[in-house]
Amino acid sequence: MSGRAEFGRWPKNIPLQLFSPEEWSRQRPTHGDADPGLIAAALRWSQQRPSGNWYTFAASRSIGRDRPLSTTIGGIELVAWRDERNVLHVGPGACPHLGAPLAEAQVDDSALICRWHGLRVEATGSARWCPYPSYDDGVLAWVRLDAIGEQPPTDTPIIGPRPADTTVHAVTRLTGVCEPRDIIANRLDPWHGSWLHPYSFTHLEVTQAPPRHDIIEENHRFLLTVTFRVTRRLGVPVEAEFTCPDPRTIVMRIVSGEGTGSVIETHATPIGPGPDGRARTAVIEAVIANSERQGFRHARRVLPVLRPLMTHAATRLWRDDMAYAERRYQLRTHRR
Ligand code: FES
Ligand SMILES: [Fe+2]
């Protein structure tokens, strides 16, 4: 890379800055810095993080009181719904009578009424149907599955740093043919940013990376400076950090520049094998925006417009990142 972005002399209080565009092929190659051994060490460390056996599976707002939501985690079919007090409930997705999908049941306050023969499945559970611990953090819905997590359970999920006010957020969900660790490995390689996503990032410089050995809580983060592209010559320069609060999550947090405190939480939740026997993983990405800026209060009002825009931007990035993760999975499972 030819050094930091050469920003134009725009007033400091305008987040958009002019930068001199550089041709994609003229960027400084980053393969020398993107040390495979370091990325592997950072991944190994992240995989040893405690999870408390919690898995996120959906945006909080995607679970309403009108009908249940169906999902699968680690091959376990689940049903999720809300009662009249908005409390989230999650349990096995098959009716204990003859196995009807409870995602098709009718919600009746805290119970589900099965469509096949009318069995009332209470959220409190019974001898034949036992709910799982669930948690709603206001942005994401979580379930604790001790049978597949195999770790000491915790009362609540381990959630990374977030802005105090999480109102302005958007959640994207994509599915890929890979395992959660492939998703995390993609994010633990920040050096691919302006090469693979030139439409979104430019002048990306990794200023701090974990050591190859003896990674600990205090030194595991990546720090980088990057300009989010808005047009060919205009962008928003920021400084961001990447951290792993649990083995299936990586958080990018803006630490200085426009939107300081905003986070992008990337969660990788194993779905289980697909019909071809290959692993499927859901990527659930939450963008939680924060800004000290005056106009930001208005962002709440335009949320219905803002949400699809935020989701669209994340989806475009994710098509390329998913291809990276799937490629990694394909190569490592083929070799095996
Ligand atoms: S299968 Fe649900 S009541 Fe019979
Ligand atoms: Fe990427």
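Here the structure is a predicted model, which is why all the values come from computation and not from measurement. (Residues numbered from 1 in each chain as written. Chains lettered and ligands numbered in written order. Predicted model: local features only at pLDDT ≥ 70, side-chain atom pairs only at ≥ 80, totals over all residues. Heavy atoms only, no water.)

1. Some thoughts on the overall build of the chain
Just so we agree on the cut-off: Helix and strand assignments come from DSSP, with helices taken as H or I runs of at least 4 residues and strands as E runs of at least 2, each series counted from the N terminus. The rule is simple: take the accessible area with a 1.4 Å probe, protein chains only, and divide by the maximum for that residue type; under 20% is buried, over 50% is exposed, in between is partly exposed. Every accessible area reported is derived by Shrake-Rupley at a probe size of 1.4 Å, with residue values counting cover from the shown protein chains alone.
When helices and strands are tallied, the chain shows 6 helices and 17 strands. By residue count, 47% of the 336 residues in the chain fall in the buried class. Accessible surface, the chain as shown: approximately 16700 Å² in total, 53% of it carbon and sulfur.

2. Some points on the side chain of Glu 285
As a reminder of what qualifies: Polar contacts here mean pairs of N or O atoms no more than 3.5 Å apart (in protein, one a potential hydrogen donor and the other a potential acceptor; neighbouring residues in sequence count only if both atoms are side-chain atoms).
Mapped onto the fold, Glu 285 is located in strand 17 (residues 279–288). Classification of Glu 285 by relative accessible area gives buried; the value is 3%. Among the polar contacts listed, one links the side chain of Glu 285 to the side chain of Trp 318, at a separation of 2.5 Å.

3. Looking at the sheet that holds strand 10 (residues 140–144)
To be explicit about the condition: By the convention used here, strands pair only if DSSP detects at least 2 bridges between them. Here the axes come from fitting lines to C-alpha atoms, over the contacting stretch only for helices, and the angles between their N-to-C directions go from 0 to 180 degrees.
Taken together, 3 strands build an open sheet; the order of strands is 2-10-9 and the sheet is antiparallel. The strands lining the two open edges of the sheet, one partner per strand, are strand 2 (54–59) and strand 9 (134–136). Strand-to-strand twist across the sheet, computed as the mean angle between neighbouring axes with direction ignored, equals 25°. Looking at chain direction, strand 2 and strand 10 are connected through 5 bridges and run antiparallel.

4. Comments concerning the coordination of the iron ion (ligand 2)
Going by this rule: Water is not among the atoms examined, so metal sites may look incomplete; donors are the N, O and S atoms within 2.8 Å of the metal, or within 3.2 Å for Na, K and Ca. Geometry is assigned from donor-metal-donor angles: four donors are tetrahedral when every angle falls between 85 and 135 degrees, four are square planar and six octahedral when opposite donors sit over 155 degrees apart with all other angles between 65 and 115, and any other arrangement is irregular.
Distances from the iron ion (ligand 2) to its protein donors, His 192 (NE2), His 197 (NE2), Asp 321 (OD) and Asp 321 (OD), fall within 2.1 to 2.4 Å. Classification of the site at the iron ion (ligand 2) rests on its 4 donor atoms, whose angles at the metal span 58 to 146°, yielding the label irregular. Donor residues for the iron ion (ligand 2), ordered by position in the chain, follow H-x4-H-x123-D. Of this pair, His 192 sits in the loop between helix 3 (180–187) and helix 4 (193–196) while Asp 321 sits in helix 6 (residues 303–335); the two residues are 129 residues apart in sequence, bridging distant segments of the chain. A relative accessible area of 12% means that His 192 is categorised as buried.

5. Some points on the sheet that holds strand 7 (residues 111–113)
Pairing within the open sheet is antiparallel, and its 3 strands lie in the order 6-7-8. Each of the sheet's edge strands pairs with one partner strand only, and the pair in question is strand 6 (106–108) and strand 8 (120–122). Across the sheet, the axes of successive neighbouring strands diverge by a mean angle of 30°, strand direction being ignored. Pairing of strand 7 with strand 8, which is carried by 3 bridges, proceeds in the antiparallel orientation.

6. Let's talk about the packing of aromatic side chains
The relative placement of two aromatic rings is captured by the distance of their centres and the angle of their planes. The condition that has to hold: For Phe, Tyr and Trp, where Trp contributes only its six-membered ring, two rings pair if their centres lie within 6.5 Å, and the inter-plane angle classes them as stacked under 30 degrees, edge-to-face over 60, or tilted in between.
Within the structure shown, the criterion is met by 5 aromatic pairs. Aromatic side chains Trp 191 and Phe 222 sit 5.6 Å apart centroid to centroid with 85° between the ring planes, which places their arrangement in the edge-to-face category. Of the two residues, Trp 191 sits in the loop between helix 3 and helix 4 while Phe 222 sits in strand 13 (residues 222–229), which places them 31 residues apart along the sequence. In this structure, Trp 191 and Phe 222 share a single accessibility class: buried.

7. Side note on unusual backbone geometry
Backbone geometry at Asn 86 places phi at a positive 75°, although glycine is not the residue there. Take Asn 86: it is sitting in the loop between strand 4 (76–82) and strand 5 (88–92). On the basis of relative accessibility, which here comes to 42%, the residue Asn 86 falls in the partly exposed class. Unusually for a residue other than glycine, His 203 sits at a positive phi of about 50°. Topologically, His 203 is positioned in strand 12 (residues 201–208). Of the residues examined, His 203 reaches a relative accessible area of 5% and is grouped as buried.

8. Focus: the environment of Glu 84
Filter applied, for reference: Contacts are assigned to residue pairs that have any heavy atoms within 4.5 Å of one another.
Checked against the element boundaries, Glu 84 lands in the loop between strand 4 and strand 5. Apart from the residues within four sequence positions on either side, Glu 84 is in contact with Arg 65 and Asp 109.

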